[in-house]
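Structure at a glance
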Amino acid sequence: TPAEEFAALKKLRQALPAGVGMDIFEDRQRRVRCVPYPGSPSQKAGVLYGDVLKGVDGTAIRGKELFQIARQIRGQEGSVASLCLYSEGGTMRTAVMPRTSATYPTVSRTRISPAVIRIFRFSRQTPVELHACLQNLADDEGCVIDLRGNTGGSMEAGVECARMFLKKGDILLRLCNRNSLKDMLAAANGQYHALPVVLLQDQFTASAAELFIAALACAGRARTKGSQSAGKACVQNIFTLSDGSVLKLTTEKMLYPGRTDDWE
């Protein structure tokens, strides 16, 4: 990534503080998909889960990087964004919505009984938000954790959330690189290690969300339901070069705990 583009990315929220309350990501066909947050301007304007984004404010997004598209979508508080969308049903439409600087939680309880908890993405605050949703559940009550559309985020947050459900000695994460294979183990019983759990996934579930699913499923802590996930199993690190540009380097691959081959 060139230096000027990386600098612009870091300053994106300062320069353009308002968004429309949705995540965007690329699927396997490199189509840009939308995941609107409940109650957000995008959802209220009719953006649907999985819609394909074709253009922003009359400008096509084809060939652009995700951060460039995010920059197009964001703007000043109160300004209006116009999104050109293509739905699974094959129709093209335009959704118009105000931009807002409101923030949205990464975890939300979407159903009371039975308890359904949706994790939209993994970030620094996700373990705290997940704990807040779980702490009042009885061990025999159980819950469904919905990871559909969760394209990942922070690997560290995914590990911390998985740790809550595992017993001492369970494998949290298995990584391999060119020279070694290493396991990260749970050092103690997690607070929710006895809580019955069912996990929901779909074709857009990826990266840290797949890590979370693999850890719980391999340890026998959860049953999974849904379609095959994305299979994004790379660990990438970002290195800033002397000229200010950025190199994104794949350094390791995540494996399904208990296996030594790819789990994609």
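Look up: the structure comes first, before these words.
What you see is a predicted model; the values in this text were computed from it and never measured.

As a further point, take the overall build of the chain. For the chain, the helix and strand inventory stands at 7 helices and 15 strands. The buried share among the 264 residues of the chain stands at 45%. Put simply, of all contacts in the chain between residues at least 6 apart along the chain, 61% involve residues at least 24 apart.

Here we take up the packing of aromatic side chains. The way to describe two aromatic rings as a pair is by their centre distance and the angle between their planes. Within this structure, the stated rule accounts for 7 aromatic pairs. The interplanar angle of 90° and the centroid separation of 5.8 Å between the aromatic rings of phenylalanine 165 and phenylalanine 212 together place this pair among those described as edge-to-face. You can see phenylalanine 165 sitting in the loop between α6 (155–163) and β10 (171–176) and its partner phenylalanine 212 sitting in helix α7 (residues 208–218), a full 47 residues away along the chain. Taken as a pair, phenylalanine 165 and phenylalanine 212 share a single burial class, namely buried. A network of ring pairs unites the aromatic residues Phe122, Phe165, Tyr192 and Phe212 as a single cluster.

Here we come to the pairing of strand β1 (residues 22–26). Along a regular strand, successive side chains alternate from one face of the sheet to the other. Alignment of β1 against strand β2 (residues 32–36), held across 5 bridges, turns out to be antiparallel. Paired with methionine 22 across the bridge in β2 is proline 36. The loop that links β1 with its antiparallel partner β2 comprises 5 residues; one of these, arginine 30, has a positive phi angle of about 65°.

Let us look at the sheet that holds strand β9 (residues 143–146). Hydrogen bonds along the backbone pair up the strands of a sheet, which may run parallel or antiparallel. Strand order in the open sheet formed by 5 strands is β7-β8-β9-β12-β13, and the pairing between neighbours is mixed. With one partner strand each, in any of the chains shown, β7 (107–111) and β13 (222–226) form the two edges of the open sheet. Across the sheet, the mean angle separating the axes of adjacent strands is 25° when strand polarity is ignored. Packing against the sheet, helix α5 (residues 126–134) makes contact with β7, β8 (116–119) and β9, and its axis sits at approximately 30° to β7. Strands β9, β12 (197–201) and β13 of the sheet are contacted by α7, whose axis makes an angle of about 145° with β12.

Let's shift gears to the side chain of serine 42. Inspection of the secondary structure puts serine 42 in helix α3 (residues 41–44). Take serine 42: its relative accessible area is 0%, and that puts it in the buried class. With sequence-adjacent residues up to four places away left out, serine 42 is seen in contact with Val20, Gly21, Met22, Pro36, Tyr37, Val47 and Met97.

Summarising the element assignment, glutamate 141 is placed in the loop between α5 and β9. Take glutamate 141: its relative accessible area is 41%, and that puts it in the partly exposed class. A sequence separation of 27 residues divides glutamate 141 from proline 114, and the C-alpha atoms of the two residues are 7.9 Å apart.

Right, let's get into the nonpolar core. Leu134, Phe165, Phe212 and Leu216 are the most contacted members of the largest nonpolar core, which has 35 residues in total. Breaking this core down by element, the ones donating at least two residues are β8, α5, β9, α6, β10, β12 and α7. At 7 residues, the largest contribution of residues to this core is made by α7. Ignoring anything within four residues of it in the chain, the contact list for leucine 134 reads Ile117, Cys143, Met164, Phe165, Tyr192 and Leu195. Counting residues in hydrophobic clusters, the runner-up holds 16 residues, among them Val47, Ile69, Leu85 and Met97.

Conventions adopted
- Residues numbered from 1 in each chain as written.
- Predicted model: local features only at pLDDT ≥ 70, side-chain atom pairs only at ≥ 80, totals over all residues.
- Heavy atoms only, no water.
- Helix = DSSP H or I, 4+ residues; strand = E, 2+ residues; numbered from the N terminus.
- Buried < 20%, exposed > 50% of the residue type's maximum accessible area, 1.4 Å probe, protein only.
- Contact = heavy atoms within 4.5 Å.
- Phe/Tyr/Trp six-rings, centres within 6.5 Å; stacked < 30°, edge-to-face > 60°.
- Pairing = 2+ DSSP bridges.
- Axes fitted to C-alpha atoms, helices over the stretch in contact; angles between N-to-C directions.
- Core = buried A, V, L, I, M, F, W, Y, C linked by side-chain atoms within 4.5 Å.

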